[in-house]
Amino acid sequence: MTKRALLFSYFLVLFLPLSAQTISISTDHTQLVLQVNSQKRLCQTYLGERLSEQTDLSQLEMPQAGLSSSCIRGLEVYPVMGTEDYYEPTFEIHHADGNPTSVLKYVKHSQQGNETSIVLRDEVYPVDVTLYYKVFEREDIIQQWAEIRHEEKGKVYLGRYASSMLYFEAPNYYLTEFASDWAKEMQMLDQELKFGKKVVDSRLGTRANLMAQPFFEVGLGGPVRENEGTVLMGTLGWTGNFRFTFEVDNQHILRVVSGINHDASTYLLKKSDTFRTADFFFTLSQNGLGEGSRRFQRWMMNHQLHKAKDDRMTLLNNWENTYFDFNEEKLVALFSEAKDLGVDLFLLDDGWFGNKYPRKDDHAGLGDWQVTQDKLPQGIPYLVKKAKENGVNFGIWIEPEMVNPKSELAEKHPDWLIQLPSRDTYYFRNQMVLDLCNPKVQDFVFSVVDDLMQENPEIKFMKWDCNSPITNIYSPYLKENQGNLYVDYVRGLYKVLDRVQAKYPDLYMMMCSGGGGRSDVTGLRYFTEFWCSDNTDPIERLFIQWGYSHFMPAKAMCAHVTEWNRRASIKFRVDVAFQGKLGFDIGLKGLSNDDRQYCREAIKEYKRLKEVVWSPNLYRLVSPYEGQHCVVQRVNDSKDKSIVFAYDIHPRYGESLLNTRLQGLDASAKYKVKEICLMPGKQSWLPCNNKVYTGDYLMKVGIKVTSTNDLVSHIIEVMKE
Ligand code: GLA
């Protein structure tokens, strides 16, 4: 065979569909097979571990015909409301003539590189739905979305527009959801899914994840476990309302529908416009949650997180130290504290803006992004300069989507505010949301960043907050198309963030929403990190960080040392924050010399080891949900460096302590185990300290890293000899 012919046959195998009617989509370990039946309906015939023999695909069976032989019931990839399927549909369209149904039939598909697209069409109405699948082979993540388009004259409304429907068949199904509230983010709750429906959703618009986070896990055939079992892990990449529906049908098949929440969002879609749904991302691990988390974290680091390959800055924030009560003198003193501590950046929080209505507390000023003259007479440029003189970078807090009614902005542009006409307004934290559906408002929000950057090109970091959900849902801009509000708001936000990113590619930004009220993976295409929670009590943080670690990389998880829970030592508080993107929000003057010294040394160690701390190779060894200890481990890709973080919370009296078996090491290599980050003058009392073990021993026998003491922590370095 000639070289060309060889190359051509390689292409045939890789990129050509198996047959026109069978579409196989696979990553290194997972395979999804879709087939077209005799009625041109697209069905899922396989989703599971990747098959070794691709010739086996011809053995897959099409789903049984339903009651009527002309249709199928069950396993349709994008079922439509009003047709023969009895369960939750993915798609609902109201045609211009009032007809509320569509039947979507396969037209064609193409597979190029890592992307597959499949065109479905209604044969009666001019409506196309194109389904997209993008695979990240090595990370074993599949991305799904759909594009909807019509050519009808008159008004066409979309009632539902999910991104994905997946079907599973297993003896039983166990869901883990991530319930939330202010200061209680990512609380993991398990339940068995039985016949019927369970919905996890949000209808809060901006602070969208306040009550529920856009992540889920389903154990297929048993409750989810860390290192064993088949588990589906999914998330919606959408900085707004989401909805996951888990439905077990009459044949005990689990259907998982994921997408933007359609509640209060019946969308008017103009002729020839394309409606792109949100992106749904999933992985199917055959080895439990640990493997799924490592996949998600690696995928975030390789493909999703903004500036993932760049460094991150440790920082000192002034929020909990000063709240609104600061002036130039106080801030300049804090810059030198930041320098003394050894962090990279000082972050000025809320309270620096507003003149007619100065931002003295959270009742006024939001929207008026001019520096408060009598509080900071020399403006932001002076602060940037002074920070620089002290050897630290400068960052600043903004909340540009929000407005206090007591502000010049609200007085000047009442038509820019989301609020119900002729009704009382409900205020969340005394504020309202600007109408980002309106391009003029988008310009304004962009200008908040742009003006600050124009005046202060040396600003390195912004904390972009968002404290109010959208409640009084009425957009003066959209007029009669109010159903578009929640969706167009997010699109407006993305337009602004696209502009920010294009103009200021070097700017680091923290996504914050009264803690972790905004925490989705598409938001992190724009933001370099996110604030996990206002709750920085280290014990609570062990749970919150444990939860987020199922999907999010450590590099993106801002973790600050504060005064929350002073029963815990500074060491314990620092050691918990060390697991994420380390920062401080604490008055250093109140700390003892030893405590301050500990912080300085810990920051040095953090900087030395951050590549390991941020590695996606996370092993959750002891769960805080299962007792009074928590142990997690990170390993770098070459397996020559690892860190173990061990915490004792409130162990029971006389509790017997088990060895903790490490994971992810090179069994044949030798490793030196050394406790680091010790309080000044203290020695390690861990029996494993300074000993050398084989990786095999560490993984099979393990070491003692927990104790029966309250609130004790250890950071242990495991280095290949
Ligand atoms: C939110 C954030 C806090 C702080 C305040 C300022 O609540 O989560 O970290 O920035 O706003 O008002």
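Residues numbered from 1 in each chain as written. Predicted model: local features only at pLDDT ≥ 70, side-chain atom pairs only at ≥ 80, totals over all residues. Heavy atoms only, no water.

Draft legend 1. Summary view of the site of the ligand. Taken together, 13 residues lie around the ligand, and Asp349, Asp350, Lys463, Asp465 and Asp534 are the ones closest in. Asp465 places a side-chain nitrogen or oxygen 2.8 Å from an oxygen atom of the ligand. Compared with its free state, where it exposes 310 Å², the ligand has 95% of that area covered by protein. Split into classes, the residues belonging to the shell around the ligand amount to 4 nonpolar, 3 polar and 6 charged. (Near = heavy atom within 4 Å. Polar contact = N/O pair within 3.5 Å; in protein donor to acceptor, adjacent residues only side chain to side chain. Areas by Shrake-Rupley, 256 points an atom, 1.4 Å probe, with all protein chains shown as cover. Nonpolar A, V, L, I, M, F, W, Y, C, P; charged D, E, K, R; others polar.)

Draft legend 2. Structural context of the sheet that holds strand β32 (residues 641-648). Pairing is antiparallel in the open sheet, where 6 strands are placed in the order β30-β31-β32-β35-β33-β34. Bordering the open sheet on either side are β30 (618-622) and β34 (691-694), each of which pairs with just one other strand. The sheet shows a mean angle of 25° between the axes of neighbouring strands, direction not considered. Across 4 bridges, strand β33 (residues 670-676) lies against β34 in antiparallel orientation. What sits directly across from Lys670, in β34, is Thr694. Together, β30 and β31 (629-635) form the strand contacts of helix α2 (residues 288-304), whose direction differs from that of β30 by roughly 150°. In this fold helix α11 (residues 593-613) packs onto β31, β32, β33 and β35 (712-720), with an angle of close to 105° to the strand it touches most, β32. (Pairing = 2+ DSSP bridges. Helix = DSSP H or I, 4+ residues; strand = E, 2+ residues; numbered from the N terminus. Axes fitted to C-alpha atoms, helices over the stretch in contact; angles between N-to-C directions. Contact = heavy atoms within 4.5 Å.)

Draft legend 3. Examining the domain arrangement of the chain more closely. Segmenting the chain into domains produces domain 1 (3-304), domain 2 (315-527) and domain 3 (617-720). Relative to domain 2, the C-alpha centre of domain 1 lies at a distance of 36 Å. Taken together, the contacts link 36 residues of domain 1 with 35 residues of domain 2. In total, domain 1 and domain 2 occlude about 2,700 Å² of area from one another, counting both sides; carbon and sulfur atoms represent 53% of this. The largest contributions to the domain 1 side of the interface with domain 2 come from Thr206, Arg207 and Thr239, which together make up 28% of the buried area. Put simply, domain 1 and domain 2 have 0 salt bridges between them. Where domain 1 meets domain 2, there are 24 residue pairs in polar contact (both at pLDDT 80 or more). Of all elements in the fold, only β13 (212-220), β14 (230-237), β17 (267-269), β18 (275-276) and α2 reach the threshold of two or more residues within the side of domain 1 that touches domain 2. In terms of residue count, the dominant contributor to the side of domain 1 that touches domain 2 is α2 (4 residues). Each residue belonging to the side of domain 1 that touches domain 2 can be placed in one class, and the counts come to 17 nonpolar, 13 polar and 6 charged. (Domains from an automatic or database assignment. Buried area = accessible area lost by both parts, 1.4 Å probe. Salt bridge = Lys/Arg side-chain N within 4 Å of Asp/Glu carboxyl O.)

Draft legend 4. Seen up close, the side chain of Arg243. For Arg243, the position within the fold is in strand β15 (residues 242-248). Given a relative accessible area of 12%, Arg243 falls into the buried group. Polar contacts involving the side chain of Arg243 include one to the side chain of Thr245, which spans 3.3 Å. If sequence neighbours within four positions are ignored, Arg243 has contacts with Glu88, Val199, Val200, Asp201, Val257, Ser258, Gly259, Ile260, Asn261, His262 and Asp263. (Buried < 20%, exposed > 50% of the residue type's maximum accessible area, 1.4 Å probe, protein only.)

Draft legend 5. Seen up close, the nonpolar core. Trp352, Ile380, Phe394 and Phe584 are the most contacted members of the largest nonpolar core, which has 193 residues in total. Excluding anything up to four places from it in sequence, Ile380 contacts Leu348, Trp352, Val371, Phe394, Ile396, Leu452, Glu455, Asn456 and Ile459. Formed by 19 residues, the second largest nonpolar core is a distinct cluster that contains Tyr619, Val635, Val644 and Ile716. (Core = buried A, V, L, I, M, F, W, Y, C linked by side-chain atoms within 4.5 Å.)

Draft legend 6. How the structure looks around the packing of helix α10 (residues 570-577) against α11. Orientation of α10 relative to α11, taken along the N-to-C sense of each, is 20°, at an axis distance of 10 Å. It follows from the interaxial angle that α10 and α11 lie roughly parallel. α11 is crossed by α10, and the crossing has right-handed handedness. Residue-level inspection shows Ile570, Lys571, Val574 and Asp575 of α10 in contact with α11, the latter providing Asp595, Tyr598, Cys599 and Ala602. Looking at the contact of α10 with α11, its residues break down into 5 nonpolar, no polar and 3 charged. (Parallel < 35°, antiparallel > 145°, perpendicular 65-115°, else oblique. Left-handed = near helix turned anticlockwise from the far one by under 90°.)

Draft legend 7. Molecular detail of the environment of Glu455. Positionally, Glu455 belongs in helix α7 (residues 439-455). Distance from Glu455 to Ser164, taken between C-alpha atoms, is 45 Å for residues 291 residues apart in sequence. Sequence-distant contacts of Glu455, that is, excluding residues within four places in its chain, are made with Ile380 and Pro381.

Draft legend 8. Quick look at the pattern of salt bridges. Here the structure, examined in full by the defined rule, presents 49 salt bridges. A salt bridge links Arg149 to Glu151; the nearest nitrogen and oxygen atoms lie 3.3 Å apart. With a relative accessible area of 35%, Arg149 lands in the partly exposed category. Here Glu151 falls in the partly exposed class, since its relative accessible area comes to 34%. Across the salt bridge formed by Glu605 and Arg608, the nearest N and O atoms sit 2.9 Å from each other. Linking Glu605 with Arg608, this pair stays in helix α11, spanning 3 residues, or about one helical turn. Judged by its relative accessible area of 18%, Glu605 falls in the buried class.

Draft legend 9. Structural view of unusual backbone geometry. Positive phi, close to 65°, is recorded for Lys40, a residue that is not glycine. The residue Lys40 is located in the loop between β2 (30-36) and β3 (42-49) in this model. A positive phi angle, near 60°, is found at Asn430, a position not held by glycine. Mapping Asn430 onto the fold places it in the loop between α6 (408-412) and β24 (432-433).

Draft legend 10. Spatial organisation of the side chain of Glu399. If you trace the backbone, Glu399 turns up in the loop between β22 (393-398) and β23 (402-403). Other than its neighbours up to four places away in sequence, Glu399 contacts Arg359, Leu366, Trp369, Gln431, Asp465, Cys466, Asn467 and Ser468.

Draft legend 11. Quick peek at the packing of aromatic side chains. By the definition in use, this model includes 38 aromatic pairs. Taking 6.3 Å as the distance between ring centres and 80° as the angle between the ring planes, the aromatic pair formed by Phe178 and Phe215 counts as edge-to-face. With Phe178 in strand β10 (residues 173-179) and Phe215 in strand β13, the pair connects residues that are 37 residues apart, well separated along the chain. Phe215 carries the same exposure label as Phe178, and that label is buried. Ring centres of Phe353 and Trp369 lie 4.3 Å apart, and the angle between their planes is 40°; on these two criteria the pair is classed as tilted. Taken as a pair, Phe353 in the loop between β21 (345-348) and α5 (379-389) and Trp369 in the loop between β21 and α5 lie far apart in primary sequence, 16 residues in all. The buried category is assigned to Phe353, whose relative accessible area is 0%. Here Trp369 falls in the buried class, since its relative accessible area comes to 11%. Grouped by ring-pair contacts, the aromatic residues Phe136, Phe178, Phe215, Phe281, Phe296, Trp299 and Phe551 constitute a single cluster. (Phe/Tyr/Trp six-rings, centres within 6.5 Å; stacked < 30°, edge-to-face > 60°.)

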